[in-house]
Amino acid sequence: MALFPRFQLFEIEDMPWCPSWLREYAHRALHQMWNTIGPGRTSSTAAQACDILVSKLPNEPGAYTFVDACAGAGGPTPMLERSLNSRLKVLGAKKPVRFLLADLYPDWAAWKKITSASENITHVNQPIDATTVERYVNDGTLECRLFNLCFHHFDDVQAAKILRSAVNHSDTLVIFEMTQRNLPALLNTSIVILSPLISTLLWFWWSPLHMVFTYLIPIVPLFFAWDGFVSCIRTRSGQEIRDIIAREEARGSLDTSEWTFHYGQTKVLPPFGNLYWFIGVKNRKD
Ligand SMILES: C[S@@+](CC[C@H](N)C(=O)[O-])C[C@H]1O[C@@H](n2cnc3c(N)ncnc32)[C@H](O)[C@@H]1O
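Sequence order sets the numbering: in each chain, residues are counted from 1 along the sequence as written. Two thresholds apply to this predicted model, a pLDDT of at least 70 for residue-level local features and 80 or more for giving and counting side-chain atom pairs, whereas whole-chain, interface and lining totals are computed over all residues. The side-chain values count all of the structure's non-hydrogen atoms but skip hydrogen atoms and water molecules.

Undergrad: Just to check I follow, could you spell out the sheet that holds strand β2 (residues 98-101) for this structure?
TA: Pairing between sheet strands relies on hydrogen bonds along the backbone, with the strands arranged either parallel or antiparallel. Read from one edge to the other, the open sheet built from seven strands follows the order β3-β2-β1-β4-β5-β7-β6, with strand pairing classed as mixed. In this open sheet, the two edge strands, each paired with only one partner strand, are β3 (121-123) and β6 (259-269). Taken over all neighbouring pairs, the strand axes of this sheet differ in orientation by 20 degrees on average, direction set aside. What makes two strands pair is DSSP finding at least two bridges between them. What counts as a helix is a DSSP run of H or I of at least four residues, what counts as a strand is a run of E of at least two, and both are numbered from the N terminus. Looking at chain direction, strand β4 (residues 142-148) and strand β5 (residues 172-177) are connected through five bridges and run parallel. Directly across from Leu146, in β5, lies its bridge partner Val174. It only takes one pair of heavy atoms within 4.5 Å for two residues to be counted as in contact. What counts as an axis is a line fitted to C-alpha atoms, over the stretch in contact for a helix, and the angles between N-to-C directions run from 0 to 180 degrees. Sheet contacts for helix α2 (residues 45-56): β1 (64-68), β4, β5, β6 and β7 (273-282); angle to β7, the most-contacted strand, approximately 30 degrees. The sheet strands contacting helix α4 (residues 108-117) are β2 and β3, and the helix crosses β3 at an angle near 155 degrees.

Below, the structure is given as structure tokens:
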């Protein structure tokens, strides 16, 4: 249950004046979270996200191309790709599943590294706005749009456009969030906020800039605290996302008669870390 109403506050990471080294730090922390195996778990957060995907998709995963529509620096896509394709290989799949990275502000350098490490991941060649895009893939596969830890960045007008575009032009929509307006999410976010105290030593021991801004003038922990708690305050519940879709449908701007929506949460990072998922699937006619 939400402890307080949602507010569209700003995150420092979204501001044009946010230094790129600070944004890189935030992306590394998100990457770390996707890669972490929580206590009592045998697989990473990303691998558990993969389990959720596979269990909710109505078709074989091999039927899809997965589009990371707001990929940032790549998020969990390399881990999802490895996890999904290694389990498909065990099942004897003939072809690997393909992933496509897209973003309005592409991180070409990060994407180049990712795509050169896996032939199953490619990236778009120009910025793509997820609010106005029609189709990303036209190769006969079904298009599954992934919104990883980013849907809360959009205000209601942008969120409605993204949902409209996904329902009108794709086959499946998946929103993953680790934040929410509830106590477990606030506690999990508090743990993430404390992470720079250790990760600065591990990742940036060579950098006086990171040392000063983490331990002497604690800009990094304050940045993590602001963006982390604002992410919680901005995240929509599954019902709130469903309500936006219902409003758009009432206005006649989308038709969900062929779609089924599910939402829920799965404990992936004990003791507090839940993955909040919202999945919409277009029912196939054949
Ligand atoms: C929090 S970051 C990405 C997080 C990433 N998915 C992860 O898990 O690490 C949000 C991303 O949304 C992108 N973005 C913002 N507005 C967008 C839009 N209209 N269309 C596509 N991407 C957009 C930003 O450029 C940014 O990379």
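Undergrad: Please clarify how the site of the ligand should be interpreted in this entry.
TA: Consider each residue's heavy atoms; a residue with any of them within 4 Å of a molecule or strand counts as near. The local shell around the ligand holds 21 residues, among which Cys70, Asp103, Asp129, Ala130 and Asn148 are the closest. Whenever two N or O atoms come within 3.5 Å, that pair is a polar contact, provided that in protein one can donate a hydrogen and the other can accept it, and provided that, for residues adjacent in sequence, both atoms are side-chain atoms. Within the contact set of the ligand, a nitrogen atom lies 2.9 Å away from a backbone nitrogen or oxygen of Ala130. Within the contact set of the ligand, a nitrogen atom lies 2.9 Å away from a backbone nitrogen or oxygen of Asn148. Residue burial considers only the protein chains on display, and all accessible areas are found by Shrake-Rupley using a 1.4 Å probe. Bound to the protein, the ligand loses 90% of the 600 Å² it would expose on its own. Gly counts as polar in this scheme, as do all residues outside two lists: the nonpolar Ala, Val, Leu, Ile, Met, Phe, Trp, Tyr, Cys and Pro, and the charged Asp, Glu, Lys and Arg. Among the residues forming the shell around the ligand, the class breakdown is 13 nonpolar, five polar and three charged.

Undergrad: Which parts of the structure should I look at to understand helix α10 (residues 238-250)?
TA: For an α-helix, the turn length of 3.6 residues means that residues three or four places apart are oriented alike. Any helix carries an expected span of 1.5 Å times its number of residues minus one. For α10, with 13 residues, the first-to-last C-alpha span of 18 Å sits near the 18 Å given by 1.5 Å per residue. Of the residues making up α10, those classed as buried are Gly238, Ile241, Ile244, Ile245 and Glu248. Across the axial projection of α10, the buried residues extend over an arc of 125 degrees, all falling on one side. On the buried face of α10, the contacting elements are α5 (156-169), β5, β6 and β7. At the C-terminal side of α10, Gly252 shows a positive phi close to 85 degrees. Working definition: with a 1.4 Å probe on protein chains only, accessible area under 20% of the residue-type maximum means buried, over 50% means exposed, and in between means partly exposed. Directions are taken from the helix axis to each C-beta atom, and the arc is the one they span.

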